[in-house]
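So the chains spell out like this:
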Amino acid sequence: VWTLDTERGVWSEPLLADGVLYVGSMDHNLYAVNAETGEELWRVDLGGAIADTPVLYDGNLYIGSFARKIFRISLDGQITAEYSTTEWVWGTPAIVDDTLYVGDAGGWVYALGLSADGFTPVWSRQVAGRVIRATPVVTEASVIVASRDHKVYWLERATGAEVRQQNTDAEILSDMLVITPEDNAELRESLLIVSTMANDKLLFAFSLDSGDLRWRYAR
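Caption draft 1: Structural detail: the packing of aromatic side chains. Using the criterion set out here, one finds 10 aromatic pairs in the structure. Between tryptophan 11 and tryptophan 90, the aromatic rings sit 6.2 Å apart at their centres with planes inclined by 50 degrees, giving tilted as the arrangement. Separated by 79 residues along the polypeptide, tryptophan 11 in the segment before strand 1 (15–17) and tryptophan 90 in the loop between strand 8 (79–84) and strand 9 (94–96) bring together distant segments of the chain. For tryptophan 11, a relative accessible area of 56% translates into the label exposed. A residue is classified by how much of its surface remains accessible, and tryptophan 90, at 15% relative accessible area, is buried. Pairing tryptophan 154 with phenylalanine 206 gives two aromatic rings, centres 6.0 Å apart and planes at 85 degrees, and the pair type is edge-to-face.

Caption draft 2: Focus on the environment of proline 14. Among the secondary structure elements, proline 14 is positioned in the segment before strand 1. Sequence separation between proline 14 and valine 152 is 138 residues; the distance between their C-alpha atoms is 26 Å. Those residues within four positions of proline 14 in sequence are excluded, and the remaining contacts are Leu21, Tyr22, Val23 and Thr53.

Caption draft 3: Region of interest: unusual backbone geometry. Residues other than glycine seldom take positive phi values, yet aspartate 18 does so here, at roughly 50 degrees. Since its relative accessible area comes to 77%, aspartate 18 is described here as exposed. A positive phi angle, close to 50 degrees, is found at aspartate 58, a residue other than glycine. Counting through the fold element by element, aspartate 58 comes out in the loop between strand 5 (55–57) and strand 6 (60–65).

Caption draft 4: Local environment of the pattern of salt bridges. Counted by the stated rule, this structure contains nine salt bridges. In this structure, glutamate 87 engages arginine 68 in a salt bridge whose closest nitrogen and oxygen atoms are separated by 3.4 Å. Here the residue glutamate 87 occupies a position in the loop between strand 8 and strand 9, and arginine 68 occupies one in the loop between strand 6 and strand 7 (69–74), the gap between them amounting to 19 residues. Among the residues examined, glutamate 87 registers a relative accessible area of 25% and is labelled partly exposed. Arginine 68 gets classed as partly exposed once you look at its relative accessible area, which sits at 38%. Taken together, the shared-partner salt bridges connect Arg130, Arg148 and Glu171 into one network.

Caption draft 5: Molecular detail of the pairing of strand 16 (residues 162–167). The sheet contact formed by strand 15 (residues 151–156) and strand 16 spans five bridges and is antiparallel. Each bridged residue has a counterpart across the sheet, and for valine 152 the counterpart in strand 16 is glutamine 166. Counted between consecutive antiparallel strands, the loop separating strand 15 from strand 16 contains five residues, among which glycine 160 sits at a positive phi close to 85 degrees.

Conventions adopted
- Residues numbered from 1 in each chain as written.
- Predicted model: local features only at pLDDT ≥ 70, side-chain atom pairs only at ≥ 80, totals over all residues.
- Heavy atoms only, no water.
- Phe/Tyr/Trp six-rings, centres within 6.5 Å; stacked < 30°, edge-to-face > 60°.
- Helix = DSSP H or I, 4+ residues; strand = E, 2+ residues; numbered from the N terminus.
- Buried < 20%, exposed > 50% of the residue type's maximum accessible area, 1.4 Å probe, protein only.
- Contact = heavy atoms within 4.5 Å.
- Salt bridge = Lys/Arg side-chain N within 4 Å of Asp/Glu carboxyl O.
- Pairing = 2+ DSSP bridges.

Right under this line is the structure:
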């Protein structure tokens, strides 16, 4: 139907909202495209490769880049706020109750308050020894992140303090999945599903609240 040409590859899933497709590219640009016609509406250079999907929240786009920054971008393509991270940002942020949570390539996790003025640091700490690519899972009490260092970490949502961790003995790159009893009536508790890059440790199911291992699936 139509084609959007970028100067380098597209690693992430685009975001579709109100007839506009937002596409991040490794050529450093975030593109806004008319989803029906493919017409480019605007592009903005974020100073580094973009490997994550933007999040639309309260009328703004939030996205990270390999420029070691998190950006707030208006829907007309203007950078209206930015926050510097220790390392480049690969994963898509999670936003809950006006707070943005994201990890970086150095294993740091950030909680940033969102307001009209931009980003306000709530807490940040180095949790993992390698890249955190997966989008954080946010519950009422915890922020859960997974890393290429083979571990899943449960952090206290208010402070970022580590509560518990689980070792999968394999690298974790993909996003995690939460399945609740509302999704499946046979479940007695909510489960956190984690996939790894090892076929003999392909999927893990942990209790969302306690972090205890419930089952493991191998191909």
